[in-house]
Every structure is written in structure tokens, then in C-alpha cells.
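What follows is the residue order along each chain.
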Amino acid sequence: MSFLEKYGIQVNNKSLYETALTHSSYTNEHKNLDNYERLEFLGDAVLELVTSEYFYLHSDFKEGEMTKHRANYVCEKALATYAKEMGLDSEIRLGVGQIHHLNDTIVADVFEAMVGAIYLDQGFLVARKYILDIMVPYIEKETYFNMDFKTILQEYVQTDRKSLEYEVIKEYGEAHNKRFEAIVKIDNIIYGKGVGKSKKEAEQMAARDAYNKSAQ
């Protein structure tokens, strides 16, 4: 477990960490082993708590803003980035059929599982320090991981229990060069507009417009 040494973590229960690195495809081929899914569930909760606490203590953001920032630093791309920085991706145990299909979803899941393992093996304070040691440099650089503005906006709206609706209001251009214009409404008020080469892209651009306005 050399990838944990630079974070000052001395492993007590090695089997916990081995489980955190074990994909279900591996356990299907090697009986009597557990996969990382239960640890991932636990680690997800610890990550959310630590990140929420960080923004509460180190910013004056309102609730909705904290939700948006938390979503960025615990999204799949962010967690996969943290895991690769640690070298976790090269330690994951995969089944033969999965070995050439390692993706960011699995890598991100393993990072969450590793958090869960550290929490159980070392306790909350060590898990908290581990998360912040990895995450805070990205926060300080204002790294933006989550480019799915629709997801961010959805989480922001859910916090305030508001309704969210997208509508394509215009379509123009030749068949080979179409453009779509979309709007996004929050509680029936237009908050953003966007243009894209597809309806999905136009909606993303509308969500980005709304996000940028709400962050001002």
C-alpha cells in the first residue's frame, strides 16, 4: 500500500484496502472475496461530509453555492483525477473480461471505496485529512471538473426545491449545419439561454448561462 505512505497512513487492516481495490468482475472469478461496492457507499458519505464541512468553514457561500462547489469537487471526473494522482488506477483488481475496460467510473468508485476503508481502519480525522490533502490544492487552483452544467443546475435547484425546465425555442440552419437555441426556466422564469449544434448542447449552454448568472 505504498500509495498511502505519502499521506502518512499506516495500514492496520490490509484486507479492507484490498477490498477497496477489488472490482466485482474480479470477485466473480475469485470466490470468497468481497468487492468495493459497500466501501464505496460508505466513502461517498464521508466525502460528502468532509467537503460540505470544508466549504462551510472556509467560505461565506450560501447553501446553493456550497452545493454547486461540492458537486464539482466530488463529481466522477474529480474523483478519478484524485485516484490517478495517487496511482490507485494501476492497483485496481479487475476480472479478465474487464481488464481492458477500466474507465473513470470504476476509478472514481475505487477512490470512494478507499476513503471508506481509511475511515474504518483509521477513523474520521485521518480520513478527513487524507481527503483534504488531495482535494484542497484543486480547490485553491479553482479547478473546474464538472462540465455537466445541467447536473450542477439540477442539484442547485433541488436544494431550493424549485422546478426546472428546458425548452428548445428555435431551430435554424441547413440540414448539415443545424443550430438549436434553448432556454432554461426555474420556477417558470427564464434564467439562461444557449445555442448549440444539437438540442442537448443547446440545453447545456443554457444551463451554463444560468449557472454563471447564479454564481455572480
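Residues numbered from 1 in each chain as written. Predicted model: local features only at pLDDT ≥ 70, side-chain atom pairs only at ≥ 80, totals over all residues. Heavy atoms only, no water.

Draft legend 1. Broad picture of the overall build of the chain. Per the secondary structure count, the chain includes 9 helices and 3 strands. Traced from its N-terminal end to its C-terminal end, the chain shows the element sequence α-α-α-α-α-α-α-α-β-β-β-α. If you line up the chain on its principal axes, its C-alpha atoms span 60 × 45 × 30 Å. The buried share of the chain, reckoned over its 216 residues, is 43%. Partitioning the contacts of the chain with sequence separation of at least 6, the portion at a separation of at least 24 is 54%. In the structure as shown, the chain presents an accessible area of about 12100 Å², 47% of it carried by carbon and sulfur atoms. Of note, the chain has its 26 positive side-chain charges centred 6 Å away from the centre of its 35 negative side-chain charges. (Helix = DSSP H or I, 4+ residues; strand = E, 2+ residues; numbered from the N terminus. Buried < 20%, exposed > 50% of the residue type's maximum accessible area, 1.4 Å probe, protein only. Contact = heavy atoms within 4.5 Å. Areas by Shrake-Rupley, 256 points an atom, 1.4 Å probe, with all protein chains shown as cover. Lys, Arg positive; Asp, Glu negative; His and termini not counted. Charge placed at Lys NZ, Arg CZ, Asp CG, Glu CD.)

Draft legend 2. Representation of the environment of aspartate 89 within the structure. In this fold, aspartate 89 is placed in the loop between helix 5 (76–86) and helix 6 (104–122). On a C-alpha basis, the gap between aspartate 89 and valine 107 in space is 5.9 Å, while along the polypeptide they are 18 residues apart. Each residue touching aspartate 89, except ones within four places of it in the same chain, is listed here: Ala83, Lys84, Leu102 and Val107.

Draft legend 3. Seen up close, the side chain of lysine 185. Structurally, the position occupied by lysine 185 is in strand 2 (residues 179–186). Within polar-contact distance, the side chain of lysine 185 engages the side chain of glutamate 167 at 3.4 Å. Among all residues touching lysine 185, those that are not within four sequence positions of it are Ser163, Leu164, Glu165, Glu167 and Ile190. (Polar contact = N/O pair within 3.5 Å; in protein donor to acceptor, adjacent residues only side chain to side chain.)

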